[in-house]
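# Observations on the three-dimensional arrangement
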Amino acid sequence: MDFTAIIGNEERLQAAVAGRDARFDGWVFLAVTSTRIYCRPSCPAVKPKREHQRFYPSAAAAQEAGYRACKRCRPDASPGSPAWDWRTDVCARAMRLITEGVVDREGAAGLAARLGYSLRQLERLLIAEVGAGPAALARAGRAQTARTLIENTDLPMGQVAFAAGFASIRAFNRVVADVYACSPTELRSKAKGPTAGSGGAITLRLAYREPFEPSNLFGHLAAAAAPGVEAWADGAYRRTLRLPHGPGTAALRPGPGYIECRLRVADLRDVTAAVARCRRALDLDADPHAPMEALAADPVLAPLVAKTPGRRVPRKADGPEYAVRAVIGQQIATASAATIAARLAERYGEPVEDPEGDLTRLFPSPEALAEADPAHLPMPRTRKATVLALASALADGSVDVGPGADWTRTRASLAAVPGVGPWTIEMIAMRALGDPDAFPVKDLGVIKGAAHLELGAGRVLEARSQAWRPWRAYAVQYLWASSEHPTNHLPTEKEASTS
C-alpha cells in the first residue's frame, strides 16, 4: 500500500479511521472538533461523525491547532512516521535531528544552520510538510518524553522536566497541562505505577509497527558485538552510548509487542537522544508493509517474506563508530572485526561505569582515532591508512554520517577517502545512515544468498534488484536469511557466553 498517496486523500483516511487501521498510526493524526482531542486512526473509542474529523500530519500540528492528546490511545506514543527514515529531503533530515534533541540543545536556529538553511526557510518548509515549525515539533517531543518519564519512572518532577528538555518547571507544567489536560502529578497517579528509576536506571517501552521479526535484528547485533562496548546477556543486547552530555548504556530486549529499553545516562538531558538512537539502531519507526509488498512481488523472495514477515535492518546507534568499524571489517570475518574493535576501544576508548554487566568502554571517538599511533592499530598497513583517513574526515566534518546527513553527499565524500570502496559505502549507508535502498551487491552474504536462490550475481543481481527499490536493504536481510549466515537467529545463552 502506498501510504504517501493516501495521506492527502480524506476519503481513504476516513475509511482507515472507520476500520481502525493501525498501519496509519504515526503517519497521520485524527482530531475531533467536538471534543478538541486528537487520536490515532486505530483509537478504540467511538468514532466521531465525519464532519467533526480533521487530519494532521504530526502530533505537533494537532497540538498547535489546539487539540490535546487522547488519554485512551496515546497518539503521541505511536511509532514515528516512517517517512523520516526513508526520505532524504531537508524536512526528513530536520525531523531526524529534532528527534535527536538538536533543537533542545542548539535552538531552532542551530538546527537550521546544521542543514544550511535560514530559520525562515526551514520553518516554511516544515509548516508546509508537517503543519508545525521546528520549535513546535521539539515542544511536542518534549511533552512525549515528559509523559513517558512521568508514567514509567519515579524520578522527581524537577528531574523529569530537566530530562525532557524543558527550560523551567513552569514551562514543563504548562505544556503537560496543554497537551494532556492534567497536571504532571495527575498523570503519574493515573499510571499503573513506576517501573523504573531505582538505582539510576530508566526502563521504557519502545513501540513498533507489526509485524516485527527480531531474529536477524538481534542476531546481527549480538554476532557483531565488540566486547566491552557491546554484549548479549540475559536475552538483551547491551551497549555503551556516546551522548551529547556524557556516556550512557542501553539494554534492549524484545518483548511482547514492544522493545524493553533500560537506560543509564550520566546526564538526564540525554534521555531523548538515547531513545532516538536506540530506535534507529533497531529500525523501530519502519513501516514493515511497504518493503514486504515490494519484495513479495518477486516470486523468488515472496516465500521468504511470507515465512518471516517484518524483518528490520539492523543499524548502529552511533554512525561514526559504524563507519570506522565497516572499514575494519573489510574482507575479514564478523567475529574478527569485533575483536579488533574491542582492542581499539580498550586502548583509545573512554571508560564507562556499568553496574549491571561487563560494558567497560565507549568506542573511540573519531578525534581519538585520528591521533592514534598506526603501530597500535591491529590491521594491515593499507587498512590502517584508511581508518586514520576516515577518522580524520569524520572528525573535521568532511564526512557526515549522522541523522541529518545528506545521503548523496555522504556517499560522495566517503568515495573520496582512500581505501573506501563500494562495499564499505553501501554498508555504511545501510547501517549508519539508515538508507533503506542501500545494496552491497558484492557482500559475501548477499552473494551466497543470491546464489542459493539462483538470482545471479554482479550485474545480473544488480539488474534484478532494481525491482526491489527503494527497499533493497530489506532484501539484503532476506538474502542473508536464505544462507548459513551467523546473524540469522537470536543467540542462545551458551553462544553469548562463548562469543
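Conventions used here
Residues numbered from 1 in each chain as written. Predicted model: local features only at pLDDT ≥ 70, side-chain atom pairs only at ≥ 80, totals over all residues. Heavy atoms only, no water. Helix = DSSP H or I, 4+ residues; strand = E, 2+ residues; numbered from the N terminus. Buried < 20%, exposed > 50% of the residue type's maximum accessible area, 1.4 Å probe, protein only. Lys, Arg positive; Asp, Glu negative; His and termini not counted. Salt bridge = Lys/Arg side-chain N within 4 Å of Asp/Glu carboxyl O. Polar contact = N/O pair within 3.5 Å; in protein donor to acceptor, adjacent residues only side chain to side chain. Contact = heavy atoms within 4.5 Å. UniProt positions renumbered as here; feature names shortened; annotations may be inferred. Phe/Tyr/Trp six-rings, centres within 6.5 Å; stacked < 30°, edge-to-face > 60°. Lys NZ or Arg CZ within 6 Å of the ring centre and 35° of its normal. Pairing = 2+ DSSP bridges. Axes fitted to C-alpha atoms, helices over the stretch in contact; angles between N-to-C directions. Core = buried A, V, L, I, M, F, W, Y, C linked by side-chain atoms within 4.5 Å.

## Concerning the side chain of glutamate 213
As for its position among the elements, glutamate 213 is in the loop between β5 (202–206) and α12 (215–223). Look at glutamate 213: it is buried, it has no salt bridge, and the nearest opposite charge is arginine 311 at 5.2 Å. Only 2.5 Å separates the side chain of glutamate 213 from the side chain of serine 215, close enough to count as a polar contact. In contact with glutamate 213, other than residues within four places in its own chain, are Thr308, Pro309, Gly310, Arg311 and Arg312.

## So, the UniProt feature "domain: HTH araC/xylS-type" (unreviewed entry) in the protein chain
UniProt feature "domain: HTH araC/xylS-type" (unreviewed entry): in the numbering of this structure it lies at residues 92–190. Taken end to end, residues 92–190 comprises 81% helix and 0% strand; its first and last C-alpha atoms sit 35 Å apart.

## Looking at helix α21 (residues 422–433)
Think of an α-helix as 3.6 residues a turn; residues three or four steps apart then line up on the same face. Of all twelve residues that make up α21, ten are buried, and the element is covered over most of its length. In this structure, the buried side of α21 is in contact with α12, α13 (271–281), α16 (319–328), α20 (407–415) and α24 (472–481). The first or second residue beyond α21 is glycine 434, which carries a positive phi of 80°.

## What to know about the packing of aromatic side chains
Within this structure, the stated rule accounts for eight aromatic pairs. Plain terms: the ring middles of tyrosine 208 and phenylalanine 212 are 4.1 Å apart, the flat faces sit at 20° to each other, and that makes the pair stacked. Accessibility assignment for this pair places tyrosine 208 and phenylalanine 212 in one class, buried. Judged by centre distance (6.0 Å) and plane angle (70°), the ring pair of tryptophan 471 and tyrosine 474 falls under edge-to-face. We note that tryptophan 471, like tyrosine 474, is buried. Among the aromatic residues, those joined into a cluster by ring pairs are Trp86, Trp471 and Tyr474. Arginine 205 extends its terminal NZ or CZ atom over the ring of tyrosine 258, reaching a point 4.1 Å from the ring centre.

## A look at the environment of isoleucine 127
By the element assignment, isoleucine 127 lies in helix α7 (residues 119–130). For the pair isoleucine 127 and alanine 61, spaced 66 residues apart in sequence, the C-alpha to C-alpha distance is 8.4 Å. In this view, isoleucine 127 contacts Ala132 and Gly133; residues no more than four positions away in its chain are not counted.

## Some words on the sheet that holds strand β7 (residues 236–243)
Taken together, the five strands give an open sheet; going across it, the order is β5-β9-β8-β7-β6, and neighbouring strands pair in antiparallel fashion. Looking at the sheet topology across the chains shown, the edges are occupied by β5 and β6 (230–233). On average, adjacent strands in this sheet sit at an angle of 25° to one another, irrespective of strand direction. Of the strand pairs in this sheet, strand β8 (residues 246–255) and strand β9 (residues 258–265) are connected by eight bridges, and their pairing is antiparallel. Note that in β9 the partner of threonine 249 across the bridge is arginine 264.

## Brief notes about the nonpolar core
Judged by nonpolar contacts, the single largest core of 65 residues is most densely connected at Leu301, Ile328 and Trp468. Aside from chain neighbours lying at most four places away, what touches isoleucine 328 is Ala337, Ile340, Leu344, Phe363, Met379, Arg383 and Val387.

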